[in-house]
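Listed below, chain by chain, are the residues.
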Amino acid sequence: MSHQNPLQTEASSSSPSSADTGPAYYKHHIFFCLNERKNGEACCALQGAQAAFDHCKSRVKELGLSGPGQVRVNKAGCLDRCAGGPIAVVYPEGTWYSFVDTSDIDEIVESHLKNGQVVERLRTPPHLGR
Ligand code: FES
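The structure presented is a predicted model; accordingly, all values stated were derived computationally and were not measured.

A. Spatial organisation of helix α2 (residues 49-62). Its 14 residues place the ends of α2 20 Å apart at the C-alpha level, agreeing with the 20 Å of an ideal helix rising 1.5 Å per residue. Buried within α2 we find Ala49, Ala52, Phe53, His55, Cys56, Lys57, Arg59 and Val60. On its buried side, α2 packs onto β1 (28-33), β2 (71-76) and α3 (102-114). Positive phi shows up at glycine 64, right after α2, with a value of about 70 degrees.

Given below as structure tokens:
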């Protein structure tokens, strides 16, 4: 006679492993920090983050890149790397960008989100945090 708990057996045999997760829902997921600080401290909102986010969203749509299996553009709060702001981060790679204007956003969209090539010149320096 077995003393094995059938519930434990069931649970352990159905636990997901990393191999069970399937393909990523989005190929690239980009988050823009849109945080605004009212106390006058530096924040991405004071450096054109909303305009960059809007521009990115419309470019991705215009190029037919948005949707499942492709690209998703999302707002985020403070990503805690304010010193490099304005900031965006692309997953699954975890590539951090510090951009200046809409032409930088165009380059991120064309190179990274469309063609999978990181834009080295726009990468946030690794030491920059809050
Ligand atoms: S305010 Fe944008 S990263 Fe902190």
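B. Focus on α3. The largest bend along α3 reaches roughly 25 degrees and is located at isoleucine 108. Just past α3, the residue glycine 116 takes up positive phi, approximately 75 degrees.

C. Here's a closer look at the environment of arginine 121. If you trace the backbone, arginine 121 turns up in the segment after α3. Distance from arginine 121 to aspartate 104, taken between C-alpha atoms, is 9.7 Å for residues 17 residues apart in sequence.

D. Expanded view of the sheet that holds strand β3 (residues 87-91). Pairing is mixed across the open sheet formed by 4 strands, whose spatial order is β2-β1-β3-β4. With partners counted over all chains shown, the strands left at the sheet margins are β2 and β4 (95-98), one partner each. Going across the sheet, the axis of each strand differs from the next one's by a mean of 20 degrees, ignoring polarity. For β1 and β2, the ladder comprises 6 bridges, and the chain directions are parallel. When the bridges of β2 are listed, histidine 29 appears paired with arginine 72. Running at roughly 160 degrees to β1, α2 makes contact with β1 and β2 of the sheet. Against the sheet, α3 makes contact with β1, β2, β3 and β4, and its axis sits at roughly 145 degrees relative to β1, the strand it touches most.

E. Expanded view of the environment of glycine 67. Of note, glycine 67 is situated in the loop between α2 and β2. Once the C-alpha coordinates of glycine 67 and tyrosine 26 are considered, the two residues, 41 residues apart in sequence, prove to be 7.3 Å apart.

What counts, and where the lines are drawn
Residues numbered from 1 in each chain as written. Predicted model: local features only at pLDDT ≥ 70, side-chain atom pairs only at ≥ 80, totals over all residues. Helix = DSSP H or I, 4+ residues; strand = E, 2+ residues; numbered from the N terminus. Expected span 1.5 Å × (residues − 1). Buried ≥ 20, exposed ≤ 12 C-beta atoms within 10 Å, placed from the backbone. Contact = placed C-beta atoms within 7 Å. Bend = angle between axes of the 7 residues up to and from the residue. Pairing = 2+ DSSP bridges. Axes fitted to C-alpha atoms, helices over the stretch in contact; angles between N-to-C directions.

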